[in-house]
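# Residue-level structural notes
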Amino acid sequence: MPAVDDASGDLAVTGSVVVPAGALNWRFSRSSGPGGQGVNTADSRVELSVAPLDLPGLSDSQRNRLAARLGARLVDGVLTIAASEHRQQLRNRQAARERLAAVLRAALAPPPPSRRRTKPTRGSQERRIEAKKQRGQLKKQRRAWD
């Protein structure tokens, strides 16, 4: 795994999935918003693009899971992450890498186990029926009497 201050190199997503540095495409542009003298000259905004379905080392099930979960975010099979919250380009590059790893990690996560249906206990069924009977008795007492 790369050092904390390193914004280049391979990107480790999970223990078995690593995005090679060659698969990462970087674009730099000017950030929007207020700034000082350097706001119009510094290209601190970062866009990180990767084609997740073409990554090496993915199993078919992982590829299908990525396609299903990231389908709405993919444009021509490419996932793009933008980062412009920091003033330094290096910090934006780190933020984009971390965000990309988090998105891929969430998309690759196996689905949660399905819910196991359980039967209500006999006690809970009896309490429910008893409460219904009491409520009926209360309504019966409120009725007009002769």
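Please read these numbers as outputs of a predicted model, since none were measured by experiment.

### Details of the overall build of the protein
Along the backbone of the protein there are three helices and five strands. Each helix (α) and strand (β) of the protein, taken in turn from the N terminus, gives the series β-β-β-β-α-β-α-α. The buried share of the protein, reckoned over its 146 residues, is 24%. In the protein, the share of contacts with a sequence separation of at least 24, taken over all contacts with a separation of at least 6, comes to 60%. When the accessible surface of the protein is summed, it comes to about 10700 Å², and 50% of that surface belongs to carbon and sulfur atoms.

### Considerations on the confidence of the model for the protein
Mean pLDDT for the protein: 85, with 88% of residues reaching 70 or above. Mean pLDDT values over the elements of the protein span from 83, in strand 1 (residues 11–12), up to 96, in helix 3 (residues 122–142). pLDDT under 50 marks residues 1–5. Its contacts with residues more than four places away, or in other chains, come to six contacts.

### Some points on the pattern of salt bridges
Opposite charge on two side chains permits them to pair, given that their charged atoms come into close proximity. Under the counting rule described, the total for this entry stands at three salt bridges. Its salt-bridge partner being Glu85, residue Arg99 comes within 2.6 Å of it at the nearest N-O pair. Here Arg99, found in helix 2 (residues 89–108), pairs with Glu85, found in the loop between strand 5 (79–83) and helix 2; they are 14 residues apart in sequence, far enough to count as distant. Relative accessible area serves as the criterion here: at 30%, Arg99 is assigned to the partly exposed category. Each of Arg27, Arg45 and Glu47 takes part in salt bridges that share partners, so that together they form one network.

Quick notes on the rules
Residues numbered from 1 in each chain as written. Predicted model: local features only at pLDDT ≥ 70, side-chain atom pairs only at ≥ 80, totals over all residues. Heavy atoms only, no water. Helix = DSSP H or I, 4+ residues; strand = E, 2+ residues; numbered from the N terminus. Buried < 20%, exposed > 50% of the residue type's maximum accessible area, 1.4 Å probe, protein only. Contact = heavy atoms within 4.5 Å. Areas by Shrake-Rupley, 256 points an atom, 1.4 Å probe, with all protein chains shown as cover. pLDDT = per-residue confidence, 0-100. Salt bridge = Lys/Arg side-chain N within 4 Å of Asp/Glu carboxyl O.

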